[in-house]
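Fold and contact review
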Amino acid sequence: QVHLVESGGGLVQAGGSLRLSCEASGLTFNNYAWGWFRQAPGKEREFVARISWSDRDTYYADSIKGRFTISRDNAKNTVYLQMNSLKPEDTAVYYCAARRGPAYGRSRPYDYDYWGQGTQVTVSS
């Protein structure tokens, strides 16, 4: 059974940083591309970042480009989202997601096969 467990969320002031982690089990980590999504209250789930299985391809939403970095550690079965220069509008529940197959062009929630339970990020002004 596949499990994705996010951690690292919390409350931070604007301009601060957080690093989210997503540890996976029950799948062959290296065979999957990974994405981070977020969902604010009353809004649809939106794409944040993705990384390919080979670690060579990363892609970011315009709203966070230059502030967030996605990375993966295949030895630890973990994908990360480093978030810097946080803004109040970054407040949301953040989800990691796994996709078996190429990541290129895949930025919709339905492109991903497995999801974590989410971790809350709150940025105060």
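Just above sits the structure.
Let us look at the structure shown here. Keep in mind the model is a prediction, meaning the values are calculated, not measured. (Residues numbered from 1 in each chain as written. Predicted model: local features only at pLDDT ≥ 70, side-chain atom pairs only at ≥ 80, totals over all residues. Heavy atoms only, no water.)

1. So, the overall build of the protein chain
Applicable threshold: For helices the rule is a DSSP run of H or I covering at least 4 residues; for strands it is a run of E covering at least 2, with both sets numbered from the N terminus onward. Partly exposed residues are those whose accessible area sits between 20% and 50% of the maximum for their type, while under 20% is buried and over 50% is exposed, using a 1.4 Å probe and protein chains only. The charge count treats Lys and Arg as positive and Asp and Glu as negative. His and the chain ends do not count. Each charge is placed at NZ for Lys, CZ for Arg, CG for Asp and CD for Glu.
Helix and strand counts for the protein chain come out as zero helices and 11 strands. Along its sequence from the N terminus, the protein chain presents helices and strands in the succession β-β-β-β-β-β-β-β-β-β-β. For the protein chain, the spread of C-alpha atoms along the principal axes amounts to about 40 × 25 × 25 Å. Relative to its full complement of 125 residues, the protein chain shows a buried share of 45%. Distance between charge centres in the protein chain, computed from 15 positive and 12 negative side chains, equals 3 Å.

2. Notes on the state of the cysteines
Covalent bonding between the sulfur atoms of two cysteines is what defines a disulfide. What counts here: Note on terminology: disulfide denotes any pair of cysteine sulfur atoms within 2.5 Å.
Evaluated as defined, the whole model comprises one disulfide. Bridging Cys 22 to Cys 96, the disulfide has an S-S length of 2.0 Å. On the S-S bond that ties Cys 22 to Cys 96, the torsion sits near 50°, and the link is right-handed. Taken together, the residues span a long stretch of sequence, with Cys 22 in strand β3 (residues 18-25) and Cys 96 in strand β9 (residues 92-100) at a distance of 74 residues. Each member of the pair, Cys 22 as well as Cys 96, carries the same accessibility label: buried.

3. Description of the side chain of Arg 50
Put simply, the test is: We define a salt bridge as a contact between a side-chain nitrogen of Lys or Arg and a carboxyl oxygen of Asp or Glu at a distance within 4 Å. Contact criterion: two residues are considered in contact whenever any of their non-hydrogen atoms come within 4.5 Å of each other.
For Arg 50, the location among the structural elements is in strand β5 (residues 46-51). Buried charged residue Arg 50 carries no salt bridge. Nearest counter-charge: Asp 57, at 4.2 Å. Aside from chain neighbours lying at most four places away, what touches Arg 50 is Trp 34, Gly 35, Asp 57, Thr 58, Tyr 59, Ile 70, Ala 103, Tyr 104, Gly 105, Arg 106, Ser 107 and Tyr 112.

4. Overview of the side chain of Thr 78
Among the secondary structure elements, Thr 78 is positioned in strand β8 (residues 78-83). In this view, Thr 78 contacts Ser 21, Cys 22, Glu 23, Phe 29, Arg 72 and Asp 73; residues no more than four positions away in its chain are not counted.

5. Structural notes on the sheet that holds β3
Here is the rule: Only strands joined by at least two bridges in the DSSP assignment are considered to pair. Lines are fitted to the C-alpha atoms to define the axes, a helix being fitted only along its stretch in contact, and any angle between axes, read from their N-to-C directions, falls within 0 to 180 degrees.
As summarised here, the arrangement of the four strands in space is β1-β3-β8-β7, forming an open sheet in which the pairing is antiparallel. The open sheet has two free edges, formed respectively by β1 (3-7) and β7 (68-73), since each of these has just one partner strand. Each adjacent strand pair in this sheet contributes to an overall mean axis angle of 15°, direction not counted. Both β7 and β8 contribute to a ladder of six bridges, which runs antiparallel. From the neighbouring strand, Ser 71 faces β8, where its bridge partner is Tyr 80.

6. Observations regarding the pattern of salt bridges
Inspection of every chain in the model, using the stated rule, returns five salt bridges. Residue Glu 46 pairs with Arg 38 through a salt bridge whose shortest N-O separation is 2.5 Å. Relative accessible area serves as the criterion here: at 35%, Glu 46 is assigned to the partly exposed category. The exposure class of Arg 38 is buried, given its relative accessible area of 6%. Taking the shortest distance from any N to any O, the salt bridge between Asp 111 and Arg 106 comes out at 3.7 Å. The partly exposed category is assigned to Arg 106, whose relative accessible area is 33%. In the salt-bridge network here, residues are joined through shared partners; they are Arg 38, Glu 46, Arg 67 and Asp 90.

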